[in-house]
Amino acid sequence: MGPVSFTGKNILLTFDVEDWFQVENFKSYIDYSSWPSQELRVGRNTHELLNLLDDFQTPVQATFFILGWVAERRPDLVREIHSRGHEVASHGYAHQLCYELTEDELRQDLITSKKLLEDIVGHAVSGYRAPSFSISDEALSLVRDAGYLYDSSYNSYEGHGRYGSCTLPKTRSPDPPLYSISSSFHEIPVSNLRIGRKLIPWGGGGYFRLLPGLVHQVGVKHILRKSGCYTFYMHPWEIDPEQPRVKEAKASYQFRHYVNLKGAKAKLKNFVRCNRKHRFLTCRDFVLSQKG
């Protein structure tokens, strides 16, 4: 395979590092107090993702938004993510939705999770993503005040009941890949597909697992042509078809969590392969490249 001639397009691969029992859909069935006794599978799954990204001759960098709870138990995993050239960022401490925390609780969560990760890798943590994209104007202000360079919690798709919303600067383009809230703080929204007035979820997660790979790639090409950048998200548990089943969860939650887990890893690898002519940047590097 010969050298790749890069285009001016960027792809931001992001991974929310949490385990199968920490997801919002299972919160009613798996109490937080039981987390220490659950089977921890996030290390093995994250290693598989790291190895997948290393399989390509051209650099594929990604951003890993890591739960503080996971980081405390697997600091070696955090250090390995960093040592392999990827960005370590914060996903909060215990996957609590921002709008369910008081202002003081959220402020402490943002500061504590940031410092925890920084102490592990010895490097500044620049980014934050709210669990389940549960952002708000108040939360965004707290993220900025906690010293982060950027937030990546805004998902413009309104058909999901848990996603938050926030007021962002008006732009000429309806779906820019980056909002500059100030000279020192920015928002990187998850990418969605806009066709006319219709907005379709296209950023990753369960939507990625549901979509046929070729269909997904057509949408990605459209987004790249429009904005020059595609921001994708996934979780390590999404490549783990052998994970324990939460059979007491309601059927819709089980479907959303378990659909097409078996083929997700191969689909992710093919997605990266199909887009290797584009630059795979960390979120931090993307922000800095746009500022420059």
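Calculation criteria
- Residues numbered from 1 in each chain as written.
- Predicted model: local features only at pLDDT ≥ 70, side-chain atom pairs only at ≥ 80, totals over all residues.
- Heavy atoms only, no water.
- Buried < 20%, exposed > 50% of the residue type's maximum accessible area, 1.4 Å probe, protein only.
- Helix = DSSP H or I, 4+ residues; strand = E, 2+ residues; numbered from the N terminus.
- Arc of directions from axis to C-beta.
- Contact = heavy atoms within 4.5 Å.

Draft legend 1. Broad picture of helix H5 (residues 137-145). Where H5 is concerned, the buried positions are Ala139, Leu140, Leu142 and Val143. Angular distribution of buried residues about the axis of H5 spans 160°; they occupy a single face of the element. Away from its buried face by more than 90 degrees, H5 exposes Glu138 and Asp145. Contact partners of the buried residues in H5: helix H4 (103-121), strand E4 (127-128), strand E5 (150-151), strand E6 (179-182) and strand E7 (185-187). Of the residues trailing H5, Gly147 is marked for its positive phi of about 95°.

Draft legend 2. The arrangement of the environment of Pro189 in detail. Looking at the secondary structure, you find Pro189 in the loop between E7 and strand E8 (192-195). On the basis of relative accessible area, Pro189 is assigned to the buried category, the value being 8%. A sequence separation of 14 residues divides Pro189 from Gly203, and the C-alpha atoms of the two residues are 9.4 Å apart. If near-sequence neighbours (up to four positions away) are discounted, Pro189 is found in contact with Tyr154, Pro176, Pro177, Leu178, Tyr179 and Thr231.

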